[in-house]
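Working through the structure, step by step
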Amino acid sequence: MSSEPVTAKAVLDIDPWLEPNVPAIVHRHDAFRKWKTTIAQTEGGYDQFTKGYLNFGLHVADNGEVRYREWAPNAKQAFLIGDFNAWDRNATPMTKNDFGVWEVVVPPTSPGVCAIPHDSKIKISMILPSGQRIERLPAWITRVTQDLAVSPVYDARFWNPPQEQRYKFKNPRPPQPKSVRIYEAHVGISTSEYRVGTYKEFTANILPRIRDLAYNTIQLMAVMEHAYYASFGYQVTSFFAASSRYGSPEDLKELIDTAHGMGITVLLDIVHSHACKNVLDGLNQFDGTDHLYFHEGSKGQHELWDSRLFNYGNHEVLRFLMSNLRFWVEEYQFDGFRFDGVTSMMYLHHGIGTGFSGGYHEYFGDGADLQAIVYLMLANDAMHELYPFCITIAEDVSGMPLLCVPVAKGGVGFDYRLSMAIPDMWIKLLKHKQDDEWDLSDIAHTLTNRRYREKSIAYAESHDQALVGDKTLAFWLMDKEMYTNMSDMSEYTPVIARGLALHKMIRLLVHSLGGEGYLNFEGNEFGHPEWLDFPREGNGNSFHYARRQWNVVDDKLLRYRYLNEFDKAMNALEERYGWLAAEPAYVSLKHNGDKVLAYERAGLLFVFNFHPTQSFTDFRVGVEEAGEYRVVLTSDEPRFGGFDNAKLGGQYFTTPMEWNGRRNWLQVYIPTRTCLVLAK
């Protein structure tokens, strides 16, 4: 086989508690090795196998001829049809090889002149064994458009712009960041206007904001083409097509290249966990069967999402999906992926009606979907082998052990997992607990309860918490007073003062204690008002909540700017000291009576006072390293909406006496609902 077998010792060196599950871990690694060997023997290895997008679909040669290939084994006849041949269903027949792949070469009209006009409409027309004729959009198509005035069904377009209209990348990729600070963004909602935003607007207006906030990574949502705008991009129809709602493929390339020029890494939110069930413009029933790309029958249906499930054990499906990953890296210069729905993929129950207690028996054995897990191992292994800079993030709620361990060591191979328990904790606290009922031990446990040496992305809230039916943290904290008291000209009410204070504290706490990376959903950095709701029948197809109200943070009289400034300062401090790339924090104090939490990380001392009314003078805090400390960040600064009781700078000398398990202590003034960061 093409890679070394994993040993029990290698697994147990990582986690001795996995001993009962070593046979299952070795078995899945053997299944991975078998596939990798098959790919090496039949395709020449990952490099050739993942170039499917160069062989399938439509490609123009230098002489102007167009070659089109499509996998559709059930079809008995196939034809390429479109504007170019006046939709004549018999004019351009295709031939089929022994593997069920159809092919046709369309000769140029004259030397070097393509017979299929740029941006013209095309389809594949097929005749089934029953004699029925069906028409589909090419599976590997790179451009599809939708005219809702005519039909919600997409049209496939032959994208072949003249050389002078093709975007040429100017900037090299930035180095992979040591500390990943992610700005999760959706191009369509990134305008303040009542419409869909564009790639060009994002490039001009949003990228500078992200750079100025000191985020070094963008995670772009809803880029892969999806039939329904309100699906947030998670019902993909055309896997190789960048959504045309926001502009052209060249516009997206310009966005990514401009981000690279700013030193920003760009990740794609990739959806390989399922596919839209659309037939006319999706992969479903592509060749007349229900089991070409997907599992047959009920196994191929996701009950909760009403979508189709891939057959990850099929050679051609693996080619399609792994080539899809490479396509986005090569053609658009994406730097990695956030894999959506990993929990759904890894278990045969797809997480439906199932909770995870953390017991290891839940992760291995009959409940695990071996084929899907092996696909994830192959995908991670291939991307990291071909592109060492590539970052992969798993959206997993289950806590699967070894998810973020290299494949060679028996892991699934992701670089990071999302810490999905953290936002859930904050919502529960804000919904069900009074401030004086907050248990700092529980909070600290949730923030630090992650698998050792498996990196996590921490976040206080993401797009999930912003959706209609839920509320953002800012809205939970301040609710209706956000409409009346967010102006400096209005009363600084207790509700607003509490809301601004806790919003800052929660985010710094999550940022510095919760993981090895940090994520923020666009707009939440400044406490974006209201929620997110896409145009749909139920809201009169309104764009009112499907946009970002940048005007409120840009208004110098509104208090949103305080939160924005704190977010900027927090990221800048992390850039300076690198706590996300440092060892996990040492928590020395979780005092539920005083409501004070203290910990050290990356040579910094973090102190949080969550007490709703009590400030503390000369509060003693343990610290390992002796010396003179000063305050480098406080949430109480006036520019952050604070009261200026806790000052920057100062001199805080340690006393060489053990305190809370640390060799030294120092004393600080820590006002109510304030956090401090001290450095030597």
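All of the points below concern the structure found in this document. (Residues numbered from 1 in each chain as written. Predicted model: local features only at pLDDT ≥ 70, side-chain atom pairs only at ≥ 80, totals over all residues. Heavy atoms only, no water.)

1. Focus: unusual backbone geometry
With phi around 65°, Phe232 is a residue other than glycine that occupies positive phi space. Within the secondary structure, Phe232 is located in the loop between strand E12 (224-226) and strand E13 (236-242). Unlike most non-glycine residues, Leu402 shows phi in positive territory, near 70°. Among the structural elements, Leu402 can be located in the loop between strand E18 (391-394) and strand E19 (416-418). (Helix = DSSP H or I, 4+ residues; strand = E, 2+ residues; numbered from the N terminus.)

2. A closer look at the state of the cysteines
One pass over the structure, following the stated rule, counts zero disulfides. Here Cys404 is not cross-linked by a disulfide; its sulfur's nearest cysteine counterpart is in Cys390, at 13 Å. (Disulfide = S-S within 2.5 Å.)

3. Here we look at the environment of Glu296
Residue placement: Glu296 occurs in the loop between strand E14 (265-270) and strand E15 (301-302). Remark: the alpha-carbon pair of Glu296 and Phe320, spanning 24 residues in sequence, is separated by 18 Å. Those residues within four positions of Glu296 in sequence are excluded, and the remaining contacts are Asp290 and His291. (Contact = heavy atoms within 4.5 Å.)

4. Here's the deal with the sheet that holds strand E5 (residues 101-106)
As summarised here, the arrangement of the four strands in space is E1-E2-E5-E4, forming an open sheet in which the pairing is antiparallel. Strand pairing shows two members of the sheet lacking a second neighbour, strand E1 (57-60) and strand E4 (95-96), which therefore form its edges. One ladder, built from two bridges, connects E4 with E5; its direction is antiparallel. What sits directly across from Thr95, in E5, is Glu103. (Pairing = 2+ DSSP bridges.)

5. Describing the side chain of Arg308
With respect to the helices and strands, the residue Arg308 is situated in strand E16 (residues 307-308). It turns out Arg308 is buried and unbridged, and the closest side chain with the opposite charge, Asp290, is 4.5 Å from it. Reaching out from Arg308, the side chain makes a polar contact with the backbone oxygen of Asp290 at a distance of 2.9 Å. At 2.8 Å, the side chain of Arg308 and the backbone oxygen of His295 are in polar contact. Look past the residues within four positions of Arg308 in its chain and what remains in contact with it is His274, Ala275, Cys276, Lys277, Asn284, Asp290, Phe294, His295, Gly300 and Gln301. (Buried < 20%, exposed > 50% of the residue type's maximum accessible area, 1.4 Å probe, protein only. Lys, Arg positive; Asp, Glu negative; His and termini not counted. Salt bridge = Lys/Arg side-chain N within 4 Å of Asp/Glu carboxyl O. Polar contact = N/O pair within 3.5 Å; in protein donor to acceptor, adjacent residues only side chain to side chain.)

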